[in-house]
Amino acid sequence: MMKIMVLNGPNLNRLGKREPDIYGRETLEQIMASLESAAKDNGCDIEARQSNHEGDLIDWIHEAGDKYTGLILNAGAFTHYSYAIRDALASIDIPSIEVHLSNIYARESFRHTSVISEVTIGQISGFGSIGYELAFKGLLHYLKGEEY
Ligand code: CA2
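About the cut-offs
- Residues numbered from 1 in each chain as written.
- Predicted model: local features only at pLDDT ≥ 70, side-chain atom pairs only at ≥ 80, totals over all residues.
- Heavy atoms only, no water.
- Axes fitted to C-alpha atoms, helices over the stretch in contact; angles between N-to-C directions.
- Helix = DSSP H or I, 4+ residues; strand = E, 2+ residues; numbered from the N terminus.
- Parallel < 35°, antiparallel > 145°, perpendicular 65-115°, else oblique.
- Contact = heavy atoms within 4.5 Å.
- Nonpolar A, V, L, I, M, F, W, Y, C, P; charged D, E, K, R; others polar.
- Buried < 20%, exposed > 50% of the residue type's maximum accessible area, 1.4 Å probe, protein only.
- Pairing = 2+ DSSP bridges.
- Right-handed = clockwise from strand over helix to strand, strands pointing away.

Right, let's talk about the packing of helix α3 (residues 54-67) against helix α4 (residues 83-90) for a bit. One way to put it is that α3 packs onto α4 with a least axis distance of 9 Å and a crossing angle of 5°. As the angle between them shows, α3 and α4 are arranged roughly parallel. Two secondary-structure elements touch here, α3 through E54, L57, I58, I61 and H62 and α4 through A84, I85, A88 and L89. Residue composition of the contact of α3 with α4, by class: seven nonpolar, one polar and one charged.

Counting buried positions over the five residues of strand β3 (residues 70-74) gives five, a clear majority of the element. Alternating positions in β3 separate into two faces, G70, I72 and N74 on one and L71 and L73 on the other, with burial throughout. Relative to β3, strand β1 (residues 2-8) is paired through five bridges, and the arrangement is parallel. Within β3, the residue paired with I4 across the bridge is G70. Of the pairings in the sheet, the one linking β3 to strand β4 (residues 96-100) comprises three bridges and is parallel in character. Each bridged residue has a counterpart across the sheet, and for L71 the counterpart in β4 is S96. Handedness of the β-α-β unit built from β3, α4 and β4 comes out right-handed.

Within the secondary structure, S96 is located in strand β4. Ignoring sequence-local partners within four residues, the contact set of S96 consists of L71, L89, V119, T120, I121 and G122.

Put into structure tokens, the structure is as follows:
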């Protein structure tokens, strides 16, 4: 059984409450429930966690590297400047995919940089909540060793 860790970073627990034009109307719980059901249909287990704290995310990245098959990560604003999260991703041997609900390249210039994308196998940005399922599909494809 493949086990996928899904991590969500700062402020993503506020989804569905404000800025629906940018982030949609679904809550994080609803988005994770849809992902879990899509994963179950493919015989995969999802462990979804959210934290507003960088250290929690780093500890969970390490845990994913030790105990999981793959990692899906929306690091929120840490994406743009956290070398510590980047180093954590570089320190594990499982594939990870970066997800953003919004198109970070169509927003403020500080969001155009991702310091983590070099150490992930790919990035999904701008497709809203379905982005997590696209990332899951890409990860599965990669883990099965299929060609792109
Ligand atoms: O588009 C994404 O998924 C982001 O990772 C979301 C982060 C942002 O800092 C990144 O640049 C792009 C922020 C999440 C904030 O979520 C909110 C939810 C409701 C209301 C306000 C913010």
